Each structure stands twice: as C-alpha cells, then as structure tokens.
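Inside the fold
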Amino acid sequence: MTRHDASLTTRLDVPSMDPALVAAAARLPTATLHEAARKIGALPSAIKPVAPGFRCAGPALTVHSPGGDNLWLHRALEVARPGDVMVVFASGAHEHGYWGEIMTT
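Residues numbered from 1 in each chain as written. Predicted model: local features only at pLDDT ≥ 70, side-chain atom pairs only at ≥ 80, totals over all residues. Heavy atoms only, no water.

A short note on the overall build of the protein
Check the secondary structure of the protein and you find four helices and two strands. If you line up the protein on its principal axes, its C-alpha atoms span 50 × 30 × 30 Å. Burial analysis of the protein (105 residues in total) assigns 10% to the buried set. Within the protein, counting contacts between residues at least 6 apart in sequence, those at least 24 apart form 70% of the total. Accessible surface, the protein as shown: approximately 8,700 Å² in total, 61% of it carbon and sulfur. (Helix = DSSP H or I, 4+ residues; strand = E, 2+ residues; numbered from the N terminus. Buried < 20%, exposed > 50% of the residue type's maximum accessible area, 1.4 Å probe, protein only. Contact = heavy atoms within 4.5 Å. Areas by Shrake-Rupley, 256 points an atom, 1.4 Å probe, with all protein chains shown as cover.)

Below, the structure written as structure tokens:
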C-alpha cells in the first residue's frame, strides 16, 4: 500500500498571526477589510451567517477539497490551531454533507 505524502499537498510552515491583529480586525466591518486587502478574498454574497448576529473572525485555514470527499477536512483538523477559521472550497459540489456531528465532536 502506498501512503500519501501529506507534505506534497499540505503547507505546515504558515506563520501564526498576532492575536492582537486578529482582535483589531474583528472589530472592523468586512467591507473595510476587503478594501484594505486590495479587494481580494471576498466570499460570494450567497454565503451568509445562519443567524444575523453571528460573527466569526480569525486566521483562515484554507482547504481545497474534491467534491463529495471530506478527507481534506479531516487533514485540516489535524493542522488547525486554536482560533483558526476553516474556509473550504469543495470544488463546487454543494449537494454532499461534508461536516456533521462526528466532525464537530
């Protein structure tokens, strides 16, 4: 059996963000952060909180996963640091359940 070499697809050398910077950014409106970042990284307007008052801020742990497969999410959980916000692109396949009670536990 051939094992997958995670170092070929997973970056582990990403420096930590200063918690003070994350806290300062969390106080700013999303549009302000988008403008300050030269208009990169905005999510589609269809992605919204499940409740109007929900807020989330932290360093993004980005994941590009093939559709219908949550193995990459499991790998991301292994490298996630406290405070990281997992941002997942599942190759446009939205009809699958990538996250549930077991992943949350």
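Picking up after the structure, the text goes on.
Remarks on the packing of aromatic side chains
In this structure the tally under the stated criterion is zero aromatic pairs. For the cation-ring pair, Arg-75 lies above Trp-72, with the distance from its terminal atom to the ring centre recorded as 4.3 Å. (Phe/Tyr/Trp six-rings, centres within 6.5 Å; stacked < 30°, edge-to-face > 60°. Lys NZ or Arg CZ within 6 Å of the ring centre and 35° of its normal.)

Focus: the nonpolar core
Counting eight residues, the largest nonpolar core consists of Leu-61, Val-63, Leu-73, Ala-76, Ala-90, Ala-93, Tyr-98 and Met-103. Every element with two or more residues in this core is listed here: strand S1 (60-64) and helix H3 (71-79). Not counting residues within four places of it along the chain, the set of residues in contact with Leu-73 comprises Val-63, Ser-65, Met-86, Val-88, Tyr-98, Trp-99 and Met-103. (Core = buried A, V, L, I, M, F, W, Y, C linked by side-chain atoms within 4.5 Å.)

A look at the confidence of the model for the protein
With 93% of its residues at a pLDDT of 70 or more, the protein shows a mean pLDDT of 85. Mean pLDDT across the elements of the protein ranges from a minimum in helix H4 (residues 101-104), with 86, to a maximum in helix H1 (residues 19-26), with 92. (pLDDT = per-residue confidence, 0-100.)

Topic: a nonpolar patch on the surface
A cluster of nonpolar side chains, contributed by Leu-43, Ile-47 and Val-87, occupies part of the molecular surface with about 270 Å² of accessible area. Note on placement: Leu-43 falls in the loop between helix H2 (30-36) and S1. (Patch = residues over 30% accessible without salt bridge, like charges linked within 9 Å, V, L, I, M, F, W, Y side chains within 5 Å. Salt bridge = Lys/Arg side-chain N within 4 Å of Asp/Glu carboxyl O.)

With respect to the pattern of salt bridges
Pairs can form between side chains of opposite charge whenever their charged atoms are close. Inspection of the entire model under this criterion finds one salt bridge. A salt bridge links Arg-11 to Asp-13; the shortest N-O distance between them is 3.2 Å. Judged by its relative accessible area of 58%, Asp-13 is exposed.

Focus: the environment of Ala-76
Locating Ala-76 in the fold gives a position in helix H3. Given a relative accessible area of 7%, Ala-76 falls into the buried group. Sequence spacing of Ala-76 and Thr-62 is 14 residues, and the spatial spacing of their C-alpha atoms is 8.4 Å. Residue contacts for Ala-76: discarding those within four places in its chain leaves Leu-61, Val-63 and Met-86.

Some details on unusual backbone geometry
Not every positive phi belongs to a glycine, and Arg-38 is a case in point at roughly 60°. A positive phi angle, close to 55°, is found at Ser-91, a residue other than glycine. Exposure remark for Ser-91: the relative accessible area of 39% places this residue in the partly exposed category.

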